[in-house]
Amino acid sequence: MTTRRTRPAPRPPEGTPPRAELARQARTVLADAVRIAHWAAGAPGPGTTAPLAAHALERAATALELSPAQVRAGWDRARLAGLIELHGDTARPGWRLRAWDRDDSAVLRGWVALFDAWSLVHAAPAGIEAGAVAEAVEAVPQVLSLLQLSAGPVTVPALLDLLGQRVAELHEERCEVPLGPGRPATAATPAGTTADRADPATTGTAGTDADLNALLLDWALEGLAAVGALTLGHGHATLTPLGNWAVWVKLEQICVAAQSPAGNIEQSAADMLLGCARLTPGPARDEYRAWLAARTVGSAVAELLAVARGQDALLRGLAFEALRVVGAPAEPEVRAVLAEPPLRPYALLWLAEYEGNDPDDAQDVLSREEATWLWVDTAAAVADHGETGLLVRHLDTAVQGTVPALLDEVRAVGHPRTVQVLVALAAAHPDPALAKAVRRAAFQVHTGGA
């Protein structure tokens with residue numbers, strides 16, 4: 001444990017450009033997307049509808065001297081990189097666009113978001129089953145690892161062999177038996193059935209498994225090249241400095257996961273968060289990183305938000321602490337929960353800090369009602385898991401300034417744990433008069449009185 005806590009920050013592989021140079025390259029990759037995002041920021045009206053409407057597409061193409069296809073591609077990249085944010089049917093400039101010229105970290109996070117979405121940037125070949133496409137996407141990290149570890153060009157046949165091996169492993173892990181040319185049979189589709197033999201859709205357009213894998217590999221390499229992660233030569237592929245750096249970062253995350261001393265990697269999100277509850281912030285973040293690195297981003301974020309929706313207020317707060325470690329990939333999901341009152345204060349604080357606000361000032365984004373809700377929720381966590389003294393000291397964090405004002409607003413906010421929190425606070429507070437007032441407030445909430 002001691003060794004891991006003092007582990008020095010890892011250094012990128014030798015020859016990796018400095019972050020400023022990587023950010024410059026990322027700005028080059030996303031230059032058209034940035035131009036389109038700035039155009040959208042200055043477009044007339046309340047915002048540009050998403051997806052980009054035909055009349056807006058024509059206006060952008062004329063104003064930017066780009067073809068409609070270039071505008072559409074740049075628009076998609078701008079959305080995926082967080083330069084444009086969707087609010088219902090309206091798209092508005094994102095905070096990352098405002099920071100683009102001055103914040104290298106924002107630029108690199110935007111490019112990594114695009115890199116992670118490479119399969120959305122470049123459409124999959126027509127006629128290929130969605131399951132086969134998903135398997136290729138799942139196998140691509142191994143292909144990228146080989147490219148990164150080779151530190152130079154890798155031949156397409158070597159990459160194809162690795163992709164085929166990984167797809168076969170995925171079939172084996174899912175207990176699938178190959179049908180022959182085309183697609184595997186699952187446990188729900190016995191091999192050799194008449195339907196499978198007769199339906200041409202089961203063979204796709206690629207014919208044999210090898211042909212299918214070759215087609216999918218070409219698609220993956222072209223998609224990764226389209227986002228600036230690699231370059232394609234005659235029969236070989238090479239990671240760009242940006243791609244090499246991004247793959248190294250992800251491999252380093254996996255290495256961190258392998259060093260988790262508390263055994264949290266295999267735990268559910270709730271158990272992992274409980275295991276981190278007594279850790280100081282630094283070691284807790286290390287455990288969050290380890291747990292996250294062992295999962296896909298989407299599944300990890302979904303699991304953390306599911307825990308946040310539960311009854312345990314402590315886990316709710318810790319779930320958002322873990323989401324802070326996730327960073328940019330969690331932004332769309334965090335924005336989506338703004339409509340859920342129990343999660344809204346946490347999501348607002350998360351977004352404020354993510355957008356560069358000082359954590360000490362982030363509370364300013366909360367309304368009085370939201371701040372009061374958060375105060376009750378935090379008090380519930382302390383009452384359930386903390387010490388008596390912490391609950392008493394929690395009074396000092398209320399925005400109201402006086403206990404009577406706090407009690408009035410706590411009664412009005414409608415938090416489901418209000419009664420329990422007030423009863424626990426009355427039992428814990430050493431001042432008999434104040435305790436009596438808090439008990440009276442708890443009784444009024446319980447009975448619905450004024």
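The structure under discussion appears in the preceding block.
All values derive from a computational prediction rather than experimental measurement.

Caption draft 1: Region of the structure containing the layout of surface pockets. Of the pockets and cavities examined, the second largest pocket occupies roughly 860 Å³. Taken together, 28 residues make up the lining of the second largest pocket; nearest its centre are A277, L314, G317, L318 and E321. When residues of the lining of the second largest pocket are traced back to their parent elements, those giving at least two are α14 (269-276), α15 (281-293), α17 (313-326), α19 (344-354) and α20 (368-385). Among the elements that make up the lining of the second largest pocket, the one with the highest residue count is α17 (seven residues). Of the residues belonging to the lining of the second largest pocket, the class tally is 17 nonpolar, five polar and six charged.

Caption draft 2: Representation of the pattern of salt bridges within the structure. This model, assessed by the stated rule, comprises 15 salt bridges. A salt bridge links R335 to E355, with the shortest nitrogen-to-oxygen separation between them at 2.7 Å. With R335 in helix α18 (residues 331-336) and E355 in the loop between α19 and α20, this residue pair connects regions lying 20 residues apart in the sequence. Salt-bridge contacts for E370 lead to R344; the nearest nitrogen and oxygen are separated by 2.6 Å. Taken together, the positions of E370 in helix α20 and R344 in helix α19 put the pair 26 residues apart, joining distant regions of the chain. Overall, the relative accessible area of 14% leaves E370 in the buried class. Accessibility expressed as a relative area gives 30% for R344, which makes it partly exposed. Taken together, the shared-partner salt bridges connect E321, R324 and E353 into one network.

Caption draft 3: Here's a closer look at unusual backbone geometry. You will see that E65, though not glycine, has its phi angle at about 55 degrees, which is positive. As for its placement among the helices and strands, E65 is situated in the loop between α4 (54-64) and α5 (68-80). Relative accessible area serves as the criterion here: at 73%, E65 is assigned to the exposed category. With a phi angle near 55 degrees, A151 is a residue other than glycine that sits in the positive phi range.

Caption draft 4: Summary view of the packing of aromatic side chains. Applying the stated criterion to the full structure yields four aromatic pairs. On the basis of an interplanar angle of 50 degrees and a centroid distance of 4.9 Å, the ring pair of W118 and W219 is categorised as tilted. Here the residue W118 occupies a position in helix α8 (residues 118-121), and W219 occupies one in helix α12 (residues 209-226), the gap between them amounting to 101 residues. Each of the two residues, W118 as well as W219, counts as buried. Aromatic pair F320 and Y346: ring centres 5.5 Å apart, planes at 20 degrees, arrangement stacked. A residue pair is termed long-range when its members are at least 10 positions apart, and F320 in helix α17 and Y346 in helix α19 qualify at 26 residues. For F320, a relative accessible area of 1% gives the class buried. Assessed through its relative accessible area of 10%, Y346 is described here as buried.

Caption draft 5: Helix α23 (residues 418-428), seen in detail. Of all the residues in α23, the buried ones are T418, V421, L422, L425, A426 and A428. Down the axis of α23, the smallest arc covering the buried residues is 165 degrees, so these residues share one side.

Caption draft 6: The sheet that holds strand β4 (residues 154-155), seen in detail. Pairing within the open sheet is antiparallel, and its three strands lie in the order β4-β8-β7. In this open sheet, the two strands that pair with only one neighbour each are β4 and β7 (230-232). Pairing of β7 with strand β8 (residues 236-239), which is carried by three bridges, proceeds in the antiparallel orientation. Along β8, the bridge assignment pairs L230 with L239. Sitting on the sheet, helix α9 (residues 130-150) touches β4, β7 and β8, and the angle it makes with β8 is about 75 degrees.

Definitions and cut-offs
- Residues numbered from 1 in each chain as written.
- Predicted model: local features only at pLDDT ≥ 70, side-chain atom pairs only at ≥ 80, totals over all residues.
- Heavy atoms only, no water.
- 1 Å grid on protein atoms, 1.4 Å probe; cavity = no way out; pocket = protein on both sides within 12 Å on 5 of 7 lines; lining within 4 Å.
- Points joined across faces, edges and corners; volume = space filled by probe spheres on them.
- Helix = DSSP H or I, 4+ residues; strand = E, 2+ residues; numbered from the N terminus.
- Nonpolar A, V, L, I, M, F, W, Y, C, P; charged D, E, K, R; others polar.
- Salt bridge = Lys/Arg side-chain N within 4 Å of Asp/Glu carboxyl O.
- Buried < 20%, exposed > 50% of the residue type's maximum accessible area, 1.4 Å probe, protein only.
- Phe/Tyr/Trp six-rings, centres within 6.5 Å; stacked < 30°, edge-to-face > 60°.
- Arc of directions from axis to C-beta.
- Pairing = 2+ DSSP bridges.
- Contact = heavy atoms within 4.5 Å.
- Axes fitted to C-alpha atoms, helices over the stretch in contact; angles between N-to-C directions.

What is shown is where atoms sit, not what they do.
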